[in-house]
Amino acid sequence: MAAEISRRTLVELIGRIGGAATVYSALNMAGLLVAPTAYAAPPALKPGSGNGKRVAILGAGIAGLTAVYCLGKAGYQCTILEARSRSGGRVWTIRAGDQITETDSTQHVEWQSDRDIYFNAGAARISSHHQGILGYCRELGVPLEVFVNENRTALVQFDSQFGGKPQTVRRLTADLRGAIAALAAKSTPNDEVVQTVLRIFGDLGRDLTYAGSPRAGYGAGDDVPGAANRRGRLQPPLPLDEIAGPEAIRMALALCFAEAWQQSPTMLQPVGGMDAIIRAFDRAVGSVIRHNEEVMRIERIGEGARVISFDRTSGRRSALDADFVICTIPLSVLEHIPADFDPAVTYAISVGAKLYFPAVKVAFEAPRRWWEIDQQLYGGISWTGRDITQIWYPSHGFNGEKGVLVGAYIWSHDPARRFTAMTPAERHAAAISDGERLHPGYGRLVGPAASVAWAKIPYSLGAWIEWETISGARQAEYPILLAGDGPFYFAGEHMSYVTAWQEDAVQSAHYTVSQIAERVEKNRP
Ligand code: FAD
Ligand code: PHE
């Protein structure tokens, strides 16, 4: 009940400020929309049960790779058609020397770092309860390490608060808790147990007031405890009415981010970049993937299907006949491909296609890991009210020489649209200017940039779907796609109630594989 009330209050507050799209984004980001599910086990298909049935899988992202891995083991005859020269789709790790092609620009990544220093432009972190994708990491031998999603030394900055000066997450969190605990303690004068809990919770004094805490950290120089006579001196608490100033809601969302079900410790990442998962799948499924093969047309032939594709290297067109088609192409791309779908399906695709969020990431190489050396920032995220939204300090390569910072990760609609409309050079300059608010002198501290505006990336045309952006789409159009259409099945990140995670793509592929297996079983002569 308490969670319901606070969620409703939050929805109303955010809605008043920014409208429906903002509500969905903020709640999704805060992890409050998600209905937890424990399902992660791959469907148990009997070896040979596929009996040579032909399956065309469109797209070699996580969903397509998962589907082919499951079906191949059960004796289905699978082929994946993948338009890009690489597998992985929205799992895309960028390194020195790579090229980033958007619909209207090309960037050459002019970094000097070795290939073990990287930028995960799409998927970057994995929740510890994402047992579907983690299960494949285990099975395929992909080593994992901790992804630092929250760092108390990281900063939060809003122009309208504290004179625009960044404050540490540590200090804001401790002082906010202290102030709230002191208020609560006043309203429970006769309950000693509750007061004791509040005293511990907020680090209150004996008189149940809050006068600062070591949890908030210390200032600098002699104020920091050390050897000999350096006892340390507490900082005065930041006033509650200033923490809860003009940007109170965004401040609260930033401070609570890593409380979310999907974002809380322990978070994980593959060692060496997220594409380690893709390389492992590629090795496991072998030659069934045809890269550079762009699907141009999807036809219905009797009970089955024919997929017409175009080889982007040779220019040759070919046709692939199949008993079933698993289409994992994002709806934003699929709506442009002529297909013999039922009109209700075509309409559902066109509705879903409009619901993709245009996230943007910018990364900078830095010749020196100044965030570690000068600011004791080892991984984690700083937040700002400026368009860049966040700066991520890498969770890999600690104490190394160079590093790659994520200098912007934008997932609010208006800033994302502004950054998407810019040229890469303009984006990089804007990211530096915003970053200066968190780290004065930033422009001199970072080197060459690389950025990805997902709405402009061919074969993706968006970052992830947000079904709830249009009222009713989840109830009306989503079930039509989920049911499939004769030989056609739809799988991928968009066919899930979670969305924006690899785990959705895995679970959705499992669901589709089960649908096909049940049908084959039922029709077995
Ligand atoms: P895709 O990866 O999009 O695969 C679809 C495939 O279809 C692509 O390979 C594409 O090239 C191919 N294709 C498209 N058109 C054609 C065509 N005409 N012919 C042939 N092939 C075609 N997930 C996490 O787990 N953790 C994160 O931290 C995280 N962060 C993210 C941040 C960003 C910015 C983005 C964009 C995504 C993030 N995700 C994250 C989500 C995750 O990346 C996706 O949910 C998942 O990778 C989607 O997999 P998919 O197979 O459904 O789709
Ligand atoms: N899964 C993506 C990420 O973790 C997108 C997302 C961001 C989803 C924030 C929820 C909250 O970056």
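Everything numeric here is computed off the predicted structure, so don't read it as measured data. (Residues numbered from 1 in each chain as written. Chains lettered and ligands numbered in written order. Predicted model: local features only at pLDDT ≥ 70, side-chain atom pairs only at ≥ 80, totals over all residues. Heavy atoms only, no water.)

Taken together, 37 residues lie near ligand 1, and Glu82, Arg90, Arg125, Val295 and Glu493 sit nearest. In the environment of ligand 1, an oxygen atom lies 2.9 Å from a nitrogen or oxygen atom belonging to the backbone of Ala63. Between ligand 1 and the protein, one listed contact pairs an oxygen atom with a side-chain N or O atom of Arg84 at 2.9 Å. Contributing elements (two or more residues each) for the shell around ligand 1: α2 (62-73), β13 (293-301) and α16 (502-522). Ranked by residue count, the leading element in the shell around ligand 1 is β13, at three residues. For the shell around ligand 1, a count of residues per class yields 22 nonpolar, eight polar and seven charged. (Near = heavy atom within 4 Å. Polar contact = N/O pair within 3.5 Å; in protein donor to acceptor, adjacent residues only side chain to side chain. Helix = DSSP H or I, 4+ residues; strand = E, 2+ residues; numbered from the N terminus. Nonpolar A, V, L, I, M, F, W, Y, C, P; charged D, E, K, R; others polar.)

The subject of this paragraph is the side chain of Ser49. Mapped onto the elements, Ser49 comes out in the loop between α1 (2-30) and β1 (54-58). When its relative accessible area of 14% is taken as the criterion, Ser49 is described as buried. Reaching out from Ser49, the side chain makes a polar contact with the backbone oxygen of Lys46 at a distance of 2.6 Å. Excluding anything up to four places from it in sequence, Ser49 contacts Ala74, Tyr76, Val520 and Arg524. (Buried < 20%, exposed > 50% of the residue type's maximum accessible area, 1.4 Å probe, protein only. Contact = heavy atoms within 4.5 Å.)

Moving on, we get to the sheet that holds strand β15 (residues 317-322). Taken together, the three strands give an open sheet; going across it, the order is β13-β14-β15, and neighbouring strands pair in antiparallel fashion. Of all the strands in the sheet, just β13 and β15 have a single pairing partner and so form its edges. In this sheet, neighbouring strand axes are inclined to one another by 25° on average, regardless of whether the strands run parallel or antiparallel. Relative to strand β14 (residues 304-311), β13 runs antiparallel, the two sharing eight bridges. Directly across from Ile301, in β14, lies its bridge partner Gly304. (Pairing = 2+ DSSP bridges. Axes fitted to C-alpha atoms, helices over the stretch in contact; angles between N-to-C directions.)

Another point: unusual backbone geometry. Residues apart from glycine generally show negative phi values, whereas peptide bonds are mostly found in trans. Following Pro265, the chain continues to Thr266 via a peptide bond in cis, the omega torsion being 0°. Positive phi is not limited to glycine here, since Thr389 has a value of about 65°. With respect to the element layout, Thr389 can be found in the loop between β19 (380-384) and β20 (390-393). Phi angles above zero are rare outside glycine, and Tyr459 is one such case at about 70°. Along the polypeptide, Tyr459 turns up in the loop between β22 (449-453) and β23 (464-465).

This part covers the sheet that holds strand β2 (residues 77-81). A sheet is described by the order of its strands in space; here five strands give the open sequence β12-β2-β1-β16-β24, paired in parallel fashion. Among the strands making up the open sheet, the edge pair consists of β12 (289-290) and β24 (488-490). By the bridge criterion, three bridges tie strand β16 (residues 324-327) to β24 in an arrangement that is parallel. Bridge pairing links Cys327 to Phe490 in β24.

Let us now look at the environment of Ser127. Along the chain, Ser127 falls in strand β7 (residues 126-127). The sequence separation of Ser127 and Gln269 amounts to 142 residues, and the corresponding C-alpha distance is 9.0 Å. Filtering out sequence-adjacent residues up to four positions away, Ser127 remains in contact with Leu134, Trp261, Gln262, Gln263, Thr266 and Met267. Reaching out from Ser127, the side chain makes a polar contact with the backbone oxygen of Gln262 at a distance of 2.3 Å.

Okay, the nonpolar core next. Formed by 66 residues in total, the largest nonpolar core has its most connected members in Phe119, Phe419 and Val452. Here this core takes six residues from strand β21 (residues 403-410), the largest share from any one element. Setting aside residues no more than four positions away along its own chain, Phe419 makes contact with Val360, Val362, Asp387, Ile388, Ile410, Arg427, Ala430 and Ala431. Within the second largest apolar cluster, 44 residues are counted, among which are Val68, Val91, Leu268 and Ile289. (Core = buried A, V, L, I, M, F, W, Y, C linked by side-chain atoms within 4.5 Å.)

The subject of this paragraph is a nonpolar patch on the surface. A contiguous nonpolar surface patch, about 290 Å² in accessible area, is contributed by Val193, Val197 and Phe201. Mapping Val193 onto the fold places it in helix α5 (residues 192-202). (Patch = residues over 30% accessible without salt bridge, like charges linked within 9 Å, V, L, I, M, F, W, Y side chains within 5 Å. Areas by Shrake-Rupley, 256 points an atom, 1.4 Å probe, with all protein chains shown as cover. Salt bridge = Lys/Arg side-chain N within 4 Å of Asp/Glu carboxyl O.)

Opposite charge on two side chains makes pairing possible when the charged atoms of those side chains draw close. For the structure shown, the criterion picks out 28 salt bridges. A salt bridge links Arg316 to Asp311; the shortest N-O distance between them is 3.3 Å. For Asp311, a relative accessible area of 10% gives the class buried. Among the charged side chains, a network of salt bridges with common partners joins Asp159, Arg386, Asp434 and Arg437.

In this structure the tally under the stated criterion is zero disulfides. Looking at the unpaired Cys137, the closest cysteine sulfur is the one in Cys70, lying at 15 Å. A residue is classified by how much of its surface remains accessible, and Cys137, at 2% relative accessible area, is buried. (Disulfide = S-S within 2.5 Å.)

On to α16. Here α16 contains 21 residues, and its C-alpha end-to-end distance of 30 Å stays within 8% of the 30 Å for a straight helix at 1.5 Å per residue. Within α16, 15 of the 21 residues are buried, leaving the element largely enclosed by the surrounding structure. (Expected span 1.5 Å × (residues − 1).)

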